[in-house]
Amino acid sequence: MTGPKYLESRTKHIKETWAKHCNVVLYMSSVKTDFPTVELNVSEGRDNLYWKTIRAFQYIYQHHLDEADWFLKADDDVFVVIENLRYILSKYDTEKALYLGRRFAPFISQGYMSGGAGYVLSKEALRRFIKGFDTGECTHFSTIEDMALGKCMETMKVEPADSRDVKGRQTFHPYPPNHYLIRMLPRPRPWFLLYDYYTPVEGPDCCSDLAVSFHYIYAVKMYALEYLTYHLRPYGYKYRFNPDEKMEVNATTKTL
């Protein structure tokens, strides 16, 4: 998701970094350009983000449904490690109604996925989302995009899948790495940790070795994360984490 005023300051840096690892990339905007962007019949602005998301998924359903198995919605200030996302998705069946991301707890009984961290719909989830608006079972009842989409997912019996790794560490992140990795003195927790569906962890164990996304990543940081992800390697270090190892994961959720 992007807009005309962000093509140079944000979107072109995604195009030069993590978008190169995708199978298919569509830059959704309110204006058609030779970037290229897809013109959606919406106005720009945060209050129109859910309309833009609805129109984007409708466009994908009409024109690109058979070109991919999974459909990632990401804003123009998110860094995504596509290979790690593919690994997580490889454990699931796209013909089942599933969606994945950073699961938040409030407002929706089954929870919903943070829009800032990005979220993924299976092919069947996309079909049901479109059907929901065709039948009137889903409506644009709120301008809060991620929560409103989560309500439609619940209405259409789309299940939230667990995107955490085998150690229970999060892979989708609504903020940059420093918001999670640094141990903090006792304090009231920030909203994005209070919203977490699963009991949050701060410090180095917060984040998976196979992290998928970080939000609020701009220009220079985008290239820094690209380098750290794909190029920097410590000489002589033997990687010991086995992402396929069977481990017991704490599945407890918080009480709000």
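Everything that follows concerns the structure shown earlier in this document.
Cut-offs applied
- Residues numbered from 1 in each chain as written.
- Predicted model: local features only at pLDDT ≥ 70, side-chain atom pairs only at ≥ 80, totals over all residues.
- Heavy atoms only, no water.
- Core = buried A, V, L, I, M, F, W, Y, C linked by side-chain atoms within 4.5 Å.
- Buried < 20%, exposed > 50% of the residue type's maximum accessible area, 1.4 Å probe, protein only.
- Contact = heavy atoms within 4.5 Å.
- Pairing = 2+ DSSP bridges.
- Helix = DSSP H or I, 4+ residues; strand = E, 2+ residues; numbered from the N terminus.
- Patch = residues over 30% accessible without salt bridge, like charges linked within 9 Å, V, L, I, M, F, W, Y side chains within 5 Å.
- Areas by Shrake-Rupley, 256 points an atom, 1.4 Å probe, with all protein chains shown as cover.
- Salt bridge = Lys/Arg side-chain N within 4 Å of Asp/Glu carboxyl O.
- Arc of directions from axis to C-beta.

Student: Just checking my understanding: could you explain the nonpolar core for this structure?
Tutor: Counting 33 residues, the largest nonpolar core has Y50, F57, Y99, L121, F129 and L149 as the members making the most contacts within it. Setting aside its immediate chain neighbours within four residues, F129 contacts Y50, I54, F57, L121, L149, C152 and M153. Among the nonpolar cores identified, the runner-up in size contains 28 residues, and Y27, F35, V80 and L100 belong to it.

Student: Help me understand the sheet that holds strand β11 (residues 213-215), please; the structure alone is not making it clear to me.
Tutor: In any sheet, the strands associate via hydrogen bonds between backbone groups, in a parallel or an antiparallel arrangement. Taken in spatial order, the three strands of this open sheet run β4-β11-β10, and their pairing is mixed. In this open sheet, the two edge strands, each paired with only one partner strand, are β4 (78-80) and β10 (172-173). Across three bridges, β4 lies against β11 in antiparallel orientation. Looking at the pairing, V78 lines up with H215 of β11.

Student: Can you walk me through a nonpolar patch on the surface in this structure?
Tutor: A cluster of nonpolar residues, L181, I182 and M184, forms a patch on the protein surface that exposes about 280 Å² of accessible area. Its location among the elements puts M184 in the loop between α6 (178-181) and α7 (191-194).

Student: I'm lost on helix α3 (residues 82-89) in this one. Help?
Tutor: Helical geometry: 3.6 residues make up each α-helical turn, so side chains three or four residues apart lie on a common side. For α3, every residue scored as buried is listed here: I82, N84, L85, I88 and L89. Along the long axis of α3, the arc covered by the buried residues comes to 160 degrees, so they all point the same way. Considering only its buried residues, α3 is in contact with β3 (70-73), β4, β5 (98-101), β8 (119-122), β10 and α8 (219-230).

Student: Help me understand the pattern of salt bridges in this model?
Tutor: Charged atoms that come close allow side chains of opposite charge to pair. Scanning all chains against the criterion turns up 17 salt bridges. A single network of salt bridges, built from pairs that share partners, joins E95, E124, R127 and R128.

Student: Just to check I follow, could you spell out the pairing of β5 for this structure?
Tutor: The side chains of a regular strand alternate, first on one face of the sheet and then on the other. Here β5 shows two buried faces, one formed by L98 and L100 and the other by Y99 and G101. Where β5 meets strand β9 (residues 159-160), two bridges bridge the pair, whose relative direction is parallel. Note that in β9 the partner of L98 across the bridge is E159. When β5 meets β8, the two strands line up antiparallel, connected through three bridges. Pairing of L100 across the sheet is with V120, part of β8.

Shape descriptors only; they carry no functional weight alone.
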